[in-house]
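# Observations on chain architecture
This is what each chain is made of:
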Amino acid sequence: SKATVSVLYCTTHTFTKMADALFAKMSAALGTPAGQAAAKKINEVITYEFPDTGVSYVMDLKAGKAYKGKHDDPACTFKMDEKVFLELSSGKADPMGLFMEGKIELDGDTDIAMKIGKVLKTLEKEIASA
């Protein structure tokens, strides 16, 4: 129905705005000295694809920035609903549990994927203050 489509659009639009804001904060955090040091530990490109909203983001740890878009050759790609990503980002969800439940898919280097959590944990203060 028209109402269902309207609610779905509003919900999707809200999630995307929240993800946009979060990736902007990540980018700002990666520009700090602590962010640059954390990024250098991995020095790869990671992409996030959200099939539910059709939006993709890049965390470029080589360049020290995060942005909406795609990358031709990421080291790994996380695929999940944007809602799941926002739950993960807020600490309300366990990444391994979501992976085991099939709510997160990973394409690419699993070693790099495992290190991302540590980088984000290192950047928590910078992300919160960005």
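As a starting point, this report considers the structure included with it.

Rules used in this analysis
- Residues numbered from 1 in each chain as written.
- Predicted model: local features only at pLDDT ≥ 70, side-chain atom pairs only at ≥ 80, totals over all residues.
- Heavy atoms only, no water.
- Helix = DSSP H or I, 4+ residues; strand = E, 2+ residues; numbered from the N terminus.
- Buried < 20%, exposed > 50% of the residue type's maximum accessible area, 1.4 Å probe, protein only.
- Contact = heavy atoms within 4.5 Å.
- Areas by Shrake-Rupley, 256 points an atom, 1.4 Å probe, with all protein chains shown as cover.
- Pairing = 2+ DSSP bridges.
- Axes fitted to C-alpha atoms, helices over the stretch in contact; angles between N-to-C directions.

Here we come to the overall build of the protein chain. When its secondary structure is counted, the protein chain shows 6 helices and 5 strands. Reading the secondary structure of the protein chain in the N-to-C direction produces α-α-β-β-β-β-α-α-β-α-α. Here the protein chain, with 130 residues, has 35% of them falling under the buried criterion. Sequence-distant contacts in the protein chain: of pairs separated by 6 or more residues, those separated by 24 or more amount to 66%. Within the structure as shown, the protein chain displays about 7700 Å² of accessible surface, and the carbon and sulfur contribution to it stands at 56%.

This part covers the sheet that holds strand β3 (residues 65–68). Hydrogen bonding along the main chain pairs the strands of a sheet, whether they run parallel or antiparallel. Spatial strand order, β3-β2-β1-β4-β5: 5 strands in an open sheet with mixed pairing. The sheet is open, and its two edges are formed by β3 and β5 (104–108), each paired on a single side. Ignoring which end each strand starts from, the neighbouring axes of this sheet average 15° apart. Relative to β5, strand β4 (residues 76–80) runs antiparallel, the two sharing 5 bridges. Along β5, the bridge assignment pairs C76 with G108.

The next thing to look at is the pairing of β3. Where strand β2 (residues 55–60) and β3 come together, 4 bridges link them in antiparallel fashion. Across the sheet, residue V58 finds its bridge partner in β3, namely Y67. In sequence, β2 turns back onto β3 through a hairpin of 4 residues, with G64 there showing a positive phi of about 70°.

Interpretation in functional terms is not warranted from these geometric data alone.
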